[in-house]
Amino acid sequence: MKKRFLFPTLLALAGSSALADKVVSIGYSGPLSGGAAFYGKDVQSGIDMAIAELNRSGVTVKGEKVTFKLVALDDRYLPNETATNVKRLTSQGIDIVFVPHAGGILTVQPLTNRDPEFLLVAYSSEPKILESRNPMTFMLPPRYDNYLQPFAATQMKAFGKRLGLIGTTSAYGKQWTDAISDEWKKQGGTVLSNNGVDYNTTVDYSSAVTKALAEKPDVLFIGGPSQPTALVVKAAREQGFKGGFIVMDQAKFEQMDQVVPRNYLDGSVGVLPTKEFAGTQLFVTLYQRMYKKIPTSEAALNYMGMNIIAKAMELAGTTDDPVAIRAQLNAAAKALPQSKTVYKLFGVTDRGHVDAEFVVASVKGGKYTRLRLIKTFK
């Protein structure tokens, strides 16, 4: 086990000869500025909410009371900055680091087994994260390849076989674009030109939309952070597009309809909003009370992830051995009370993937229609 930094707060006396609670810092590197800032802050809010509750209820690890502190750094959605941030966090003795984007996750995965080792909590649905078989990765959302077949089949049947592409050009967006293109062709459809743009820096999507619509698509593939994705929908509808949308899983309907009218989203397929899942009412109520906004899976899954980490520390009897903590993730997930799981939770796979249920849905007449129940594990 590597040597730990003893923070000054641990030496402070709590009004007696007893030492204060042990403070365990949790790292986070994500986009807190730029076009993906809302996304990054939604992830952070889920971790923050879990930590606040854990600190109120109390966590004891091997007889020692523990409180948690989140150390959050902005990487602006840039993988090279993620790597810099992670090195900075681990140099401070932080053993658990959350990263919420594929480019950053794939960049820092090779660092997890070096000195110092750390557990990488990955919030991205990129299949390559699991395919790397990295033993120190804990992946929270379902792989996006679960969505490809039902998304393509639903939209091709409803609207037609011509697919236009206006996804974000991040590493994750490019992988999604390639994957949905392959699936669309597999089902007998025609894929048109790729007019993808950087959702993190683009302000006006009219030009990209105009180029895509010139080829007369029946369906548009779109997606990135929710707010800019909604602006793509707005530009398409205002230019007269009557077809359907395939919405990448990063974008959330419940945030998009805060930017554009719900009827603009009619004919879309995507991930069912968190508030529409059975059993999420307590989490939704508490989150809205704390943050004054509707929670998405970014908040919910990272909330679950932090609770699983804390329980794994209890079961492992350590806060500073990431290998031992990783080994207890499955048992920890199964031991969580329903009030902390949000979605129906089955455990954590040997590859470090949360195994839970999700639902894909379409928007029709302003209402959500469930298409398919999927499990995160594949």
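Note that the structure is predicted; figures quoted are calculated from it, not measured.

Procedures and definitions
- Residues numbered from 1 in each chain as written.
- Predicted model: local features only at pLDDT ≥ 70, side-chain atom pairs only at ≥ 80, totals over all residues.
- Heavy atoms only, no water.
- 1 Å grid on protein atoms, 1.4 Å probe; cavity = no way out; pocket = protein on both sides within 12 Å on 5 of 7 lines; lining within 4 Å.
- Points joined across faces, edges and corners; volume = space filled by probe spheres on them.
- Helix = DSSP H or I, 4+ residues; strand = E, 2+ residues; numbered from the N terminus.
- Nonpolar A, V, L, I, M, F, W, Y, C, P; charged D, E, K, R; others polar.
- Pairing = 2+ DSSP bridges.
- Axes fitted to C-alpha atoms, helices over the stretch in contact; angles between N-to-C directions.
- Contact = heavy atoms within 4.5 Å.
- Parallel < 35°, antiparallel > 145°, perpendicular 65-115°, else oblique.
- Left-handed = near helix turned anticlockwise from the far one by under 90°.
- Domains from an automatic or database assignment.
- Expected span 1.5 Å × (residues − 1).
- Buried < 20%, exposed > 50% of the residue type's maximum accessible area, 1.4 Å probe, protein only.

Participant: How should I be thinking about empty space enclosed by the protein in this particular structure?
Facilitator: Empty space among the atoms can be located by rolling a probe the size of a water molecule over them. Counted under the stated rule, the structure contains one cavity of 30 Å³ or more. Within this model, the largest cavity holds a volume of roughly 170 Å³. Element by element, the count of residues in the lining of the largest cavity is highest for helix 11 (residues 297-316), at three residues. Residue composition of the lining of the largest cavity, grouped by class: 12 nonpolar, five polar and three charged.

Participant: Which parts of the structure should I look at to understand the sheet that holds strand 5 (residues 119-122)?
Facilitator: Picture the strands of a sheet paired through backbone hydrogen bonds; they go either parallel or antiparallel. A sheet is described by the order of its strands in space; here six strands give the open sequence 2-3-1-4-5-6, paired in mixed fashion. Single-partner strands in this sheet number two, and they are strand 2 (59-61) and strand 6 (137-139). For this sheet, the mean angle separating the axes of adjacent strands, direction not counted, is 35°. Two strands pair when backbone bridges link them, and strand 5 and strand 6 are joined in this way by three bridges, in the parallel orientation. Residue pairing across strands places Val-121 opposite Phe-138, the latter belonging to strand 6. Contacts from helix 1 (residues 37-57) reach strand 1 (22-30), strand 2, strand 3 (64-74) and strand 4 (96-99), with the element oriented near 165° to strand 3.

Participant: Where do I start with the packing of helix 5 (residues 145-159) against helix 6 (residues 171-186) in this structure?
Facilitator: Geometry of a packed helix pair, given as the angle between the helix axes and the separation of the axes. Interaxial distance between helix 5 and helix 6 falls to 9 Å at its minimum, and their mutual angle equals 55°. Regarding the angle of helix 5 to helix 6, the classification is oblique. Between helix 5 and helix 6 lies a crossing whose hand is right-handed. On helix 6, the residues touching Tyr-147, Leu-148, Gln-149, Phe-151, Ala-152, Gln-155 and Met-156 of helix 5 are Trp-176, Ala-179, Ile-180, Glu-183 and Trp-184. Taken together, the residues that form the contact of helix 5 with helix 6 break down as nine nonpolar, two polar and one charged.

Participant: What's the story with the layout of surface pockets in this structure? I'm lost.
Facilitator: What the second largest pocket holds in volume is close to 190 Å³. Forming the boundary of the second largest pocket are 14 residues, of which Tyr-77, Leu-78, Pro-79, Ser-170 and Ala-171 lie nearest the centre. Every element with two or more residues in the lining of the second largest pocket is listed here: helix 3 (102-108) and helix 6. Each of domain 1 (22-142 + 278-356) and domain 2 (144-248) accounts for three or more of the residues forming the lining of the second largest pocket.

Participant: What is the right way to read helix 8 (residues 226-238) from this model?
Facilitator: Three or four residues apart is the spacing at which side chains of an α-helix point the same way, because the helix has 3.6 residues per turn. With 13 residues, helix 8 should reach 18 Å at 1.5 Å per residue; the first-to-last C-alpha distance of 18 Å fits that figure. Counting buried residues in helix 8 gives 10 out of 13 residues, a clear majority hidden from the surface. Within helix 8 the residues assigned to the buried category are Ser-226, Gln-227, Pro-228, Thr-229, Ala-230, Val-232, Val-233, Ala-235, Ala-236 and Arg-237. Here the buried face of helix 8 lies against helix 1, strand 7 (162-167), helix 7 (206-213), strand 9 (219-223), strand 10 (244-247) and helix 9 (253-256). Gly-240, located one to two residues past helix 8, shows a positive phi value of around 95°.

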